[in-house]
Amino acid sequence: MCGKMGATKGKRGHVLAVPFPAQGHVTPLLKFSRLIASHGVKLTFVNTHFIHNKLAAATNSHAPQLGVVLASISDGLPDDDDRSDAFKLWESLNSTMAGHLTELIEKINASNCDEKISCIIADVTLEWILELARDFGAQSFGFTPASAASLAMVLQIPNLIHQGNLDLNGTLKGIESVRLTDEIPAWRKDEFAWSFPIDLKTQKIMLECCLCGEKSARFRSTWLLCNTFYELESSACDLSPKLLPIGPLLDSQCRANCSSFYVEDTSCLRWLDEKAVASVIYVSFGSLAVLSHHQLQELALGLELSGRPFLWVVRSNLTNDGSRVEYPEGFLGRVCSGGLGKIVEWAPQERVLSHPSVGCFLSHCGWNSTLEGLAAALPFLCWPYFADQYHNQSYVCDKWKIGLRIEQDENGIRGRDEIKKKIEIVVGDDDIKANALRLKEMATMSVAQEGSSFLNFQRFIDHLIME
Ligand code: UDP
């Protein structure tokens, strides 16, 4: 029998990686995990059963991924329960996840004394997981899939509350914005990582998640592993002394195979092959953002009006009233049958972004998408939905100057004429293209031999192996 304490020391150890159960969190941590495993470190990646099954169905495999062992635990909800209810999922994870993970670690530790868990890397929001590490004599590292600026802002939450500038529902009080340094764009009211003003109950949960992240970052992590690179966000990185920027985590870099929850429709790659260089607008809202029926119709008509080829990811749950996606009358016949537009339910996004035919990324500005588009030197059209997406938009448009906002009208709609206008402006803007190229080069250098992220990763691996 192996005892509970005394994780493997002086060997390569055994890392347990635990993401928050959402696409934008699982993907970057899985990429990072593959990089770690490629250095000969044993790594077990723990999803919830629900996500594990989704991944397996979408990638058609239960096989270990490039040395990463996949495992799963319950999220505490019955199989057929609704995981889109953020409140229910968060409460359940909070109250059950640590217990399930403890059982798994005990099982792993008992099965092989030489492969006891020596290190836990968990999403920063999962504070109770990082706390577990201590019980098992393992090291703990928080992983943040968002920007360094988002993390720096999250670290300010207790101050904002203490000063009376933020209430416990996540609403800003008495001030209109928060600026951390001159180099980082300010956060305006309702543009914080926890902001969701249309549903204050959800916003409260998002603030709770952020507060867990704040606690993990401050008290539970030796280092904070962040999917960014120093040159991109030096000012924000300098605000968090424990931060270790190790990004951008890209498929090409991480030798990834698929980490999608949905089946990727690769027919769009062949469709792209037929199009002229830099001619296609790629449109994607990530895994969670939703549009009203009216908004979806305006977008369809705006794309049609632009007269340019487009590839549009339309998830079956893209509309916010739960109904079937409906396009404007005759749209599919006019636009898609003729080959001008293509619609897929889920794309192999990184391969699409690096395809020479793609010339612009209309994006919701999730952090993964932002980094992926940046690494492909693409100009952006920004259409944020919630959370950190608004601040990422400010980075893209105001700081890096690699994209433009698509503005809402007085009714909160992004109209067809505005969409057409911004497409025309962005594809003709040489300054934006030059800035995008410069950032791509910076990103490439950061992960190349002797680059900042390369060296940080090396430092992390050396630490894992030496401890
Ligand atoms: N993604 C994809 N295919 C799609 C749309 C998105 O593979 O059709 C991937 C995308 O490459 C990114 C992730 O899904 O890695 C979405 O993460 P992001 O942070 O951009 O947005 P979120 O889904 O968290 O809002």
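Every value quoted in this text rests on a predicted model; they were computed, and no experiment measured them. (Residues numbered from 1 in each chain as written. Predicted model: local features only at pLDDT ≥ 70, side-chain atom pairs only at ≥ 80, totals over all residues. Heavy atoms only, no water.)

S.K.: Even after reading the chapter, I still don't get the overall build of the protein chain, so can you show me in this structure?
M.R.: Scanning the protein chain from N- to C-terminus turns up 18 helices and 15 strands. Across its three principal directions, the C-alpha atoms of the protein chain cover 70 × 50 × 50 Å. For the protein chain, the residues scored as buried account for 58% of the 467 residues in total. If you sum the accessible surface of the protein chain, you get close to 19,000 Å²; carbon and sulfur atoms cover 51% of it. (Helix = DSSP H or I, 4+ residues; strand = E, 2+ residues; numbered from the N terminus. Buried < 20%, exposed > 50% of the residue type's maximum accessible area, 1.4 Å probe, protein only. Areas by Shrake-Rupley, 256 points an atom, 1.4 Å probe, with all protein chains shown as cover.)

S.K.: It is not clear to me how unusual backbone geometry should be interpreted in this structure. Could you clarify?
M.R.: Working note: non-glycine residues mostly have negative phi, and peptide bonds are mostly trans. Here the residue pair Gly-247 and Pro-248 is connected by a cis peptide bond, since its omega of 0° sits within 30 degrees of zero. Relative to the helices and strands, Pro-248 resides in the loop between β9 (243–245) and α9 (251–254). With a phi close to 55°, Ala-278 is a non-glycine residue in the positive phi region. Note that Ala-278 resides in the loop between α10 (267–273) and β10 (280–284). Located in the positive-phi region is Ala-377, a residue other than glycine, with phi close to 60°. Relative to the elements of secondary structure, Ala-377 occurs in the loop between α14 (367–375) and β14 (380–382).

S.K.: Can you walk me through the site of the ligand in this structure?
M.R.: Taken together, 19 residues form the shell around the ligand, and within it Ser-287, Ala-347, Asn-368, Ser-369 and Glu-372 come nearest. With respect to the ligand, the side chain of His-364 contributes an N or O atom lying 2.9 Å from an oxygen atom. Side-chain polar atom of Asn-368 to an oxygen atom of the ligand: 2.8 Å apart, as the coordinates give it. When isolated, the ligand has an accessible area of 530 Å², and the protein chains bury 92% of it. In terms of residue count, α14 provides more of the shell around the ligand than any other element does, four residues in total. Grouping the constituent residues of the shell around the ligand by class yields five nonpolar, 13 polar and one charged. (Near = heavy atom within 4 Å. Polar contact = N/O pair within 3.5 Å; in protein donor to acceptor, adjacent residues only side chain to side chain. Nonpolar A, V, L, I, M, F, W, Y, C, P; charged D, E, K, R; others polar.)

The analysis is restricted to geometry; functional conclusions fall outside its scope.
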